[in-house]
Amino acid sequence: MKLNIDDRFTKELPADPILDNSRRQVQKACFSYVTPKKTENPEILHISPEMLSALGLTEEDATSKQFLNVFTGNSVLPNTTPYAMCYGGHQFGNWAGQLGDGRAINLAEVKHDNQHWTLQLKGAGETPYSRTADGLAVLRSSVREYLCSEAMYHLGVPTTRALSLALSGDEVLRDMLYDGNAAYEKGAIVCRVSQSFLRFGNYQLLGARQDEETLKTLVDYTIKHHFPQLGTPSKETYLKFFEGVLNSTLEMIIHWQRVGFVHGVMNTDNLSILGQTIDYGPYGWLEGYDHNWTPNTTDSQFKRYRYGAQMEIGHWNLYQLANALYPLIGEADDLERILHSYHEKAQGQYLVMMRSKLGLFTEDKNDVELIGNLENILQLTETDMTIFFRNLSDFSTESPLEGLTIVTDAFYLPNDISDLIKQKWNSWFLDYATRLQKEEHTSKERKEQMNQVNPKYVLRNYMAQLAIDAANKGDYKLIDDLFKLLKKPYDEQPENEQWFVKRPDWARHKAGCSMLSCSS
Ligand code: AMP
Ligand code: MG
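Computed from a predicted model, the values in this text were never measured in an experiment. The residue numbering used here restarts from 1 in each chain and proceeds along that chain's sequence as written. As a convention, the first chain written is A and the first ligand written is 1, with the rest following in written order. Given that this is a predicted model, residues contribute local features only at a pLDDT of at least 70 and side-chain atom pairs are listed and counted only at 80 or more, while totals for whole chains, interfaces and linings are drawn from all residues. Side-chain metrics rest on all non-hydrogen atoms present in the structure, leaving aside hydrogens and water.

## Section: unusual backbone geometry
One can expect most non-glycine residues to show negative phi and most peptide bonds to be in trans. Rule in force here: A helix here means a DSSP run of H or I that spans at least four residues, while a strand means a run of E at least two residues long, and both kinds are numbered starting from the N terminus.
The backbone of Lys 28 sits at a positive phi, close to 55°, despite the residue not being glycine. Looking at the secondary structure, you find Lys 28 in the loop between helix H1 (9-12) and strand S1 (31-33). One non-glycine residue, Tyr 178, lies in the positive phi region at around 50°. Note that Tyr 178 resides in the loop between strand S8 (161-174) and strand S9 (183-194).

## Digging into the site of ligand 1
Defined as follows: Nearness here has a simple test: a residue counts as near a molecule or strand if at least one of its heavy atoms is within 4 Å of that partner. Any pair of N or O atoms that falls within 3.5 Å is considered a polar contact. Within protein, one atom must be able to donate a hydrogen and the other to accept it, and sequence-neighbouring residues count only if both atoms are side-chain atoms. Residue-level accessible areas treat just the shown protein chains as cover; the underlying method is Shrake-Rupley with a 1.4 Å probe. In the cavity and pocket records, a cavity denotes points on a 1 Å grid over the protein atoms alone where a 1.4 Å probe fits but cannot get out, a pocket denotes an open set with protein on both sides within 12 Å along at least 5 of 7 lines, and lining residues are residues with an atom within 4 Å of a point. To qualify as sitting in a cavity or pocket, a molecule needs more than half of its atoms within 2 Å of the grid points. The residue classification treats Ala, Val, Leu, Ile, Met, Phe, Trp, Tyr, Cys and Pro as nonpolar and Asp, Glu, Lys and Arg as charged. All others, Gly included, are polar. All domain edges in this entry derive from an automatic or database-based domain assignment.
Inspection of the region around ligand 1 gives 17 residues, with Gly 100, Gly 102, Arg 131, Gly 135 and Asn 270 positioned closest. Contact distances for ligand 1 include 2.7 Å between an oxygen atom and a side-chain N or O atom of Arg 131. Here a nitrogen atom of ligand 1 and a side-chain polar atom of Asp 134 are 3.2 Å apart. Surface burial for ligand 1 is 81%, taken as the share of its 480 Å² of free accessible area covered by protein chains. Most atoms of ligand 1, that is more than half of them, are within 2 Å of grid points of the largest pocket. Counted by class, the shell around ligand 1 contains four nonpolar, six polar and seven charged residues. Split by domain, the shell around ligand 1 shows at least three residues from each of two domains, domain 1 (9-200) and domain 2 (210-356).

## Concerning the coordination of the magnesium ion (ligand 2)
Rule in force here: Water is not among the atoms examined, so metal sites may look incomplete; donors are the N, O and S atoms within 2.8 Å of the metal, or within 3.2 Å for Na, K and Ca. Relative accessibility under 20% of the residue-type maximum defines a buried residue, over 50% an exposed one, and the middle range a partly exposed one, all with a 1.4 Å probe and only protein chains included.
Taken together, Asn 270 (OD1) and Asp 279 (OD) make up the protein donors of the magnesium ion (ligand 2), found 2.0 to 2.2 Å from the metal. Take Asn 270 and Asp 279: they sit in the same class, and that class is buried.

## Considerations on the pairing of S9
Side chains on a regular strand alternate between the two faces of the sheet. Filter applied, for reference: Only strands joined by at least two bridges in the DSSP assignment are considered to pair.
Most of S9 sits inside the fold, with nine of its twelve residues counted as buried. Pairing geometry for strand S7 (residues 115-122) and S9, over five bridges, is antiparallel. When the bridges of S9 are listed, Lys 122 appears paired with Val 190. Relative to S9, S8 runs antiparallel, the two sharing ten bridges. Counted as the bridge partner of Arg 174 is Ala 183 from S9.

## A look at the side chain of Asn 454
Locating Asn 454 in the fold gives a position in the loop between helix H15 (443-453) and helix H16 (461-472). Overall, Asn 454 belongs to the buried group, its relative accessible area being 0%. Only 2.8 Å separates the side chain of Asn 454 from the side chain of Lys 357, close enough to count as a polar contact.

## A short note on the domain arrangement of the protein
Short version of the rule: Any two residues whose heavy atoms approach within 4.5 Å at even a single point are treated as in contact. When two parts are put together, the accessible area they lose, computed with a 1.4 Å probe and summed over both, is reported as buried area. Think of a salt bridge as a Lys or Arg side-chain nitrogen and an Asp or Glu carboxyl oxygen that are within 4 Å of each other.
Parsing the protein into structural domains produces domain 1 (9-200), domain 2 (210-356), domain 3 (364-438) and domain 4 (461-507). Inter-centroid distance (C-alpha atoms) of domain 3 to domain 4 is 28 Å. The interface of domain 3 with domain 4 comprises nine residues on the first partner and seven residues on the second. Both faces considered, domain 3 and domain 4 share a buried interface measuring about 690 Å² in area, 50% of it formed by carbon and sulfur atoms. Broken down residue by residue, the surface that domain 3 buries against domain 4 is led by Ile 387, Arg 390 and Tyr 412, which jointly contribute 71%. At the junction of domain 3 with domain 4, the criterion picks out two salt bridges. Between Arg 503 and Glu 382 there is a salt bridge whose closest N-O contact spans 2.9 Å. Counting across the domain 3 and domain 4 interface gives six residue pairs in polar contact (both at pLDDT 80 or more). Considered class by class, the residues forming the side of domain 3 that touches domain 4 number four nonpolar, one polar and four charged.

## Structural notes on the packing of H16 against helix H17 (residues 477-485)
Stated formally: Each axis is a line fitted through C-alpha atoms, and for a helix only the stretch in contact is used; angles between axes span 0 to 180 degrees, taken between their N-to-C directions. In what follows, roughly perpendicular refers to angles from 65 to 115 degrees, roughly parallel to angles under 35, roughly antiparallel to angles over 145, and oblique to any angle outside these ranges.
Direction vectors running N to C along H16 and H17 enclose 150°, while the axes themselves pass 8 Å from each other. In terms of orientation, H16 lies roughly antiparallel with respect to H17. Mapping the contact onto sequence places Met 463, Ala 464, Leu 466, Ala 467 and Ala 471 in H16 and Leu 478, Ile 479, Leu 482 and Leu 485 in H17. Its residues assigned to classes, the contact of H16 with H17 comprises nine nonpolar, no polar and no charged.

## Re the pattern of salt bridges
Per the counting criterion, the structure on display carries 35 salt bridges. Ionic pairing is found between Glu 287 and Arg 460, a salt bridge with its closest N-O pair at 3.2 Å. Residue Glu 287 is located in the loop between strand S11 (284-285) and helix H9 (310-329), and its partner Arg 460 is located in the loop between H15 and H16; the two are separated by 173 residues in the primary sequence. Note on accessibility: Glu 287 and Arg 460 belong to one class, buried. A salt bridge links Asp 469 to Lys 510; its shortest N-O distance comes to 3.5 Å. Note that Asp 469 is positioned in helix H16 and Lys 510 in the segment after H17, a separation of 41 residues in sequence. Judged by relative accessible area, which is 32%, Lys 510 ranks as partly exposed.

Here it is, written out as structure tokens:
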């Protein structure tokens, strides 16, 4: 196995001088050297062929003993120095101080085909940042991260990637429902891949500690490697950097809204500086379209990270990042101006995105109202978001009152829809037909365009759970089936129609299928 190693993070940024693995506060450094934990009986369960070739590896490499050992933490690649990153973050609105990679270990950076990647194991053992936890991960959360990050990539949503999913062979103790019933589960390790795993929290921790020197070093490093077009660091460059992060964060969240993805834990340590979806924990997919829905049981009281709040939370998090960068800029006006631009951009981009979901190619002054009305009616009865938008592409302006029939599969209780709600739907479909008549595209063109933004297949919460249940029994076929299905989320796949259905009734309240705890 030959990887083209090109380490920059450890070479160019200050390291923690302490080499032991004790829990500690790490000052004036961006990372600590660590060695992954050896595992009992590792087994690779799945590999992403796309990621394999992106890294310059072959199918043959993937079956080698070295691949197994490296990507389960049992051997270290020659001439590399694995490390855990130091970062902090706001958790659920409160500053939490130092957090850091408590169970993520970066193995090395690889350059291939002019792309630069960092390889990171999640669940490979303790680091100085593990605090009170064990540095391990269980199979269920690892399957969810592995499948979802690759699925998001194929949906066109900016995301970290995944190379491999493995069993460690070790057992991990978890209290899944936080109800005092801890039990042993299978341990697992995912190899995640990204251009960078830097988060808002990396900058925030240095800002909070008033360590301006390291902050400047880290920001300059980020600009040099990830925003090279901005040029030599200066106050102007820092502002443009912040604006770039704001734009990419917003773009990512608009994609989440488009496909119905709810991250679940939008803490600032879980927001990537590159605007990639990162840290797949208790995330979920909207089934019934509901702005108030969050998959995260830990957040069920205040629903801070609910679907309908994600754009606003993006702004809140960017505000924290702006605070962290402020010392490098020395005045607040320009940062505030950029922050203020967020809402207008968000509204504009949301509108563009929603128009695309409705097959509207042109702009009309009443679109905001048309979309707002739709969002309201969608929430009157439980209506499956994915099925609704996918089936809407069959709507015909010639028979608007057949609209309800066209989307009927999306209703969880089609027989319980009151006459009043039916009336509201019919009136909306009439407005939609009138609006579509202002467009010049044919219905065929509209359908094609809509089907490129409204996925047919997403990783519904119960689908991931079925794959997990089978995997826990040693059957990994469904992981592979879903992996393949989700490579083409916008395509019609007649052989896979069984996955284009509403969440089955048994899954409504089953753990893992609707709500999830942070335990992983
Ligand atoms: P999360 O909410 O998953 O983003 O995690 C928040 C913080 O807790 C991060 O610093 C993680 O590295 C750390 N963490 C989560 N789970 C574990 C674990 N099992 N062992 C060590 N650290 C963990
Ligand atoms: Mg995290």
